[in-house]
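Single-letter residue listing:
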Amino acid sequence: LFKIFYGDNGDYALGEQDRLFVWGLLARGIAFVMCLSFSSLSFQVLPLAGKNGVTPFYRLLDAVRADLPAPKRYLKLPTIFWLTGASDLALRLVVLAGFLSALLALIGGAYSPVFFSLAWMFYLSLNYCVGLTFPWDAFLLEAGFLCAFFAPLPTLFTASDVCANDSALSMNTLPHPLHQWLFRWLLARLMLGFGKLKFIGTNSSHHCYIKGFLIGQPMPTKVGWLGYHLPLWFHKFSLVIMFVVEIIMPFLLFSNSYLRTIAGISFVKLMIGIQLTGNFG
């Protein structure tokens, strides 16, 4: 951040070595989050989709098989469970395979794009199985798909010997400009989607959204409970800030590096606020 705001000769653009580090950190960060998600699913998959779960997945497969001929059924419900079956063992093995694929993508190496592709395939297979329908699930699914098109990442254990800037997290080559643009487009869609749900169809009299959200969200924290009791003017002001972050800032992602940084920092601050006030993790 210091380099961005106080760069040499007033140049706010990152140097190539810094950009290699940023993109390498992004790729490995997404792989790490996929590892966390698969770890979480390992505790949920059988209670939700197992033989004795809430909605046994094998029943959905049987119903789709009866209603739709091949290959239409595979396009309607893309999942590896068409090949493996949806037994409890198969459910566990797919989650484990997804975790190992994401872990190997995180470590890097010549086959890291393949491991990203496999992790994405296993995550997609669990989509209808356990209900990966929340925005963060869909965002991770699309981000994982885009990661499959990165060049191979240097292996973490040897990257410092082969990277130009001696950083173990850096890429060797920058992604194609279109590839970079697609990541910004994905982030912009996510933020604008959140804003659309909040602000379309509202007017100036709907100023208690944040006050209600702080207490009505899944398991508010003590910070969220305290925030609920703040004066109404604070909630009105916070809603204005949220409007700016979710409706205006996404467009800055397609501007110069300085404005993109401002947008990025605003997104980070919003996510920190959400994490402090609720138990979404």
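Since the model is a prediction, treat every value here as computed from it, not as a measurement. (Residues numbered from 1 in each chain as written. Predicted model: local features only at pLDDT ≥ 70, side-chain atom pairs only at ≥ 80, totals over all residues. Heavy atoms only, no water.)

Moving on, we come to the overall build of the protein chain. Looking only at helices and strands, the protein chain features 15 helices and 0 strands. Across its three principal axes, the protein chain shows a C-alpha extent of roughly 60 × 55 × 35 Å. For the protein chain, with 281 residues in total, the buried portion stands at 37%. Across the protein chain, every contact between residues at least 6 apart in sequence was considered, and the portion connecting residues at least 24 apart equals 70%. Entry remark: accessible area of the protein chain is about 16,100 Å², with carbon and sulfur atoms responsible for 70%. Of note, the protein chain has its 19 positive side-chain charges centred 12 Å away from the centre of its 12 negative side-chain charges. (Helix = DSSP H or I, 4+ residues; strand = E, 2+ residues; numbered from the N terminus. Buried < 20%, exposed > 50% of the residue type's maximum accessible area, 1.4 Å probe, protein only. Contact = heavy atoms within 4.5 Å. Areas by Shrake-Rupley, 256 points an atom, 1.4 Å probe, with all protein chains shown as cover. Lys, Arg positive; Asp, Glu negative; His and termini not counted. Charge placed at Lys NZ, Arg CZ, Asp CG, Glu CD.)

For helix 15 (residues 257-277), built from 21 residues, the straight-helix expectation of 30 Å at 1.5 Å per residue is met to within 8% by its first-to-last C-alpha distance of 30 Å. For helix 15, the set of buried residues is Thr 261, Ala 263, Ser 266, Phe 267, Leu 270 and Thr 277. With a side-chain oxygen lying 3.1 Å from the backbone nitrogen of Tyr 258, the N-terminal cap of helix 15 falls on Asn 256. (Expected span 1.5 Å × (residues − 1). Polar contact = N/O pair within 3.5 Å; in protein donor to acceptor, adjacent residues only side chain to side chain.)

Inspection of the secondary structure puts Met 121 in helix 7 (residues 112-125). Separated by 88 residues in the primary sequence, Met 121 and Tyr 209 place their C-alpha atoms 37 Å from one another.

So, on to the packing of helix 2 (residues 16-49) against helix 7. Look at helix 2 against helix 7: their axes get within 11 Å of each other, and the N-to-C directions meet at 35°. Remark: the crossing between helix 2 and helix 7 carries left-handed chirality. Along its contact with helix 2, which presents Ala 27, Ala 31, Met 34, Ser 37, Phe 38 and Leu 41, the element helix 7 presents Phe 116, Ala 119, Trp 120, Phe 122 and Tyr 123. Looking at side-chain class alone, the contact of helix 2 with helix 7 contains 10 nonpolar, 1 polar and no charged residues. (Axes fitted to C-alpha atoms, helices over the stretch in contact; angles between N-to-C directions. Left-handed = near helix turned anticlockwise from the far one by under 90°. Nonpolar A, V, L, I, M, F, W, Y, C, P; charged D, E, K, R; others polar.)

With that out of the way, let us pick up unusual backbone geometry. Backbone torsion omega between Ala 70 and Pro 71 reads 0°, so that peptide bond is classified as cis. Structurally, the position occupied by Pro 71 is in the loop between helix 3 (57-67) and helix 4 (72-76).

The next thing to look at is the side chain of Gln 180. By the secondary structure assignment, Gln 180 is in helix 11 (residues 177-199). Beyond its immediate sequence surroundings of up to four residues, Gln 180 is in contact with Arg 19, Trp 23, Leu 174 and Pro 175.

A few words on the packing of aromatic side chains. Applying the stated criterion to the full structure yields 15 aromatic pairs. Taken together, a centroid distance of 6.2 Å and an interplanar angle of 65° make the contact between Trp 23 and Phe 150 edge-to-face. In this pair, Trp 23 is assigned in helix 2 and Phe 150 in the loop between helix 9 (135-147) and helix 10 (159-162), connecting sequence segments 127 residues apart. When its relative accessible area of 9% is taken as the criterion, Trp 23 is described as buried. Three or more aromatic residues joined by ring pairs make a cluster, and in this case those are Trp 23, Phe 150 and Phe 183. Seen from the ring of Trp 82, Arg 73 lies directly overhead, with NZ or CZ sitting 5.9 Å from the centre. A cation over an aromatic ring shows up here: Lys 211 above the ring of Tyr 228, its NZ or CZ 4.2 Å from the ring centre. (Phe/Tyr/Trp six-rings, centres within 6.5 Å; stacked < 30°, edge-to-face > 60°. Lys NZ or Arg CZ within 6 Å of the ring centre and 35° of its normal.)

Shape descriptors only; they carry no functional weight alone.
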